[in-house]
Amino acid sequence: HTSPAIISTVHLLSVFVIFAVWPGVAASRVSSTLCLSRSLRGGCDAKEQREIGMASSEDQAVAAGTIFFENFEFKGRELRIKQDTLKGHAAILWDAARVLAKYLEVLPAEWKGKRVLDLGSGCGLTAICLGTLGAEVTMTELPGCTDVLRENAEANLGG
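Treat the numbers as computed from the prediction; the structure is a model and nothing was measured. (Residues numbered from 1 in each chain as written. Predicted model: local features only at pLDDT ≥ 70, side-chain atom pairs only at ≥ 80, totals over all residues. Heavy atoms only, no water.)

Turning our attention to the side chain of glutamate 105. Along the chain, glutamate 105 falls in helix α5 (residues 95-106). On the accessibility criterion, glutamate 105 (18% relative accessible area) is buried. In this structure glutamate 105 touches Glu73, Phe74, Lys75 and Gly76, once residues within four positions along its chain are discounted. (Helix = DSSP H or I, 4+ residues; strand = E, 2+ residues; numbered from the N terminus. Buried < 20%, exposed > 50% of the residue type's maximum accessible area, 1.4 Å probe, protein only. Contact = heavy atoms within 4.5 Å.)

Structure below.
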């Protein structure tokens, strides 16, 4: 359970990052980010999303720049990881996943045939990397937050 103080800090941090890192950001992007921050407390309802112009379809999300892909090299193979800034923290590739994936790349361990349960898989990078090493991975994420995870798994590991 996340305390209100942490949520407030995340909310303020996200606003700071937008203005410090992307000073020319459009007002709708700021509103979307504020709504995304509120998602940590329960989310924006459909009415709020319409009011601030949040994308309601994947085509609109791509056009608005909320969906993007990151290429990640793992054991000589290029993985393509989809992310969506409007779907919340479960659809964003976290730095911890990148670091763990790189650690798994150099770890002298045999994963073939091992069963792995990945709790809170997010975009799925860690689980996908383990899958390419031969592990039988079960990926998990919060209900309603599995679309990006499923797409990444299918795109990088096959259906």
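Right, picking up where we left off after that structure.
A cluster of nonpolar side chains, Leu100, Tyr103 and Val106, forms an exposed patch at the surface whose accessible area comes to about 300 Å². Looking at where tyrosine 103 falls in the secondary structure, it is placed in helix α5. By relative accessible area, which is 46% here, tyrosine 103 ends up partly exposed. (Patch = residues over 30% accessible without salt bridge, like charges linked within 9 Å, V, L, I, M, F, W, Y side chains within 5 Å. Areas by Shrake-Rupley, 256 points an atom, 1.4 Å probe, with all protein chains shown as cover. Salt bridge = Lys/Arg side-chain N within 4 Å of Asp/Glu carboxyl O.)

Time to look at the packing of helix α6 (residues 125-132) against helix α7 (residues 147-157). Running from amino to carboxyl end, α6 crosses α7 at an angle of 25°, the nearest separation of the two axes being 10 Å. When the axes of α6 and α7 are compared, the pair comes out roughly parallel. Our pair here, α6 against α7, has a crossing hand that is right-handed. Residues Ile128, Gly131 and Thr132 of α6 form the contact with α7, whose own contacting residues are Asn152, Ala153, Asn156 and Leu157. Residues of the contact of α6 with α7, tallied by class, amount to 3 nonpolar, 4 polar and no charged. (Axes fitted to C-alpha atoms, helices over the stretch in contact; angles between N-to-C directions. Parallel < 35°, antiparallel > 145°, perpendicular 65-115°, else oblique. Left-handed = near helix turned anticlockwise from the far one by under 90°. Nonpolar A, V, L, I, M, F, W, Y, C, P; charged D, E, K, R; others polar.)

So, about the environment of leucine 93. Tracing the chain through its elements places leucine 93 in the loop between β2 (77-84) and α5. Here leucine 93 falls in the buried class, since its relative accessible area comes to 6%. With residues near it in sequence (within four places) discarded, leucine 93 still touches Glu70, Ile81, Gln83, Arg98, Cys123 and Leu125.

What follows deals with the packing of α5 against α6. To describe two helices that pack against each other, one gives the angle between their axes and the distance between the axes. The contact between α5 and α6 brings their axes to 9 Å, and the two run at 15°. As the angle between them shows, α5 and α6 are arranged roughly parallel. Crossing handedness for the pair α5 and α6: right-handed. Touching Ala97, Arg98, Leu100, Ala101 and Leu104 of α5 are Leu125, Thr126, Cys129 and Leu130, all from α6.

It is worth spelling out the confidence of the model for the protein at this point. Confidence in the prediction of the protein, expressed as mean pLDDT, is 75, and 59% of residues score 70 or more. Note that pLDDT drops below 50 for residues 2-43; the model gives that stretch 38 contacts with residues more than four away or on any other chain. (pLDDT = per-residue confidence, 0-100.)

A rise of 1.5 Å per residue sets the reference length of α5, with its 12 residues, at 16 Å; its end C-alpha atoms lie 17 Å apart and thus fit the reference within 8%. Considered for burial, the residues of α5 that qualify are Ala97, Ala101, Leu104 and Glu105. An end-on view of α5 places all buried positions within 105° of arc, on one side of the element. Of the exposed residues in α5, those oriented more than 90 degrees away from the buried face are Asp95, Ala96, Val99 and Val106. Summarising the contacts, the buried residues of α5 are in contact with β1 (67-74) and α6. (Expected span 1.5 Å × (residues − 1). Arc of directions from axis to C-beta.)

Scanning the model with the defined rule gives 5 salt bridges in all. One salt bridge in this structure joins arginine 98 and glutamate 70, with 2.6 Å as the shortest N-O distance. With arginine 98 in helix α5 and glutamate 70 in strand β1, this pair connects stretches of sequence that are 28 residues apart. Salt-bridge contacts for lysine 82 lead to glutamate 151; the nearest nitrogen and oxygen are separated by 2.6 Å. Of this pair, lysine 82 sits in strand β2 while glutamate 151 sits in helix α7, and the two are 69 residues apart along the sequence. Under the relative-accessibility criterion, lysine 82 is labelled buried at 3%.

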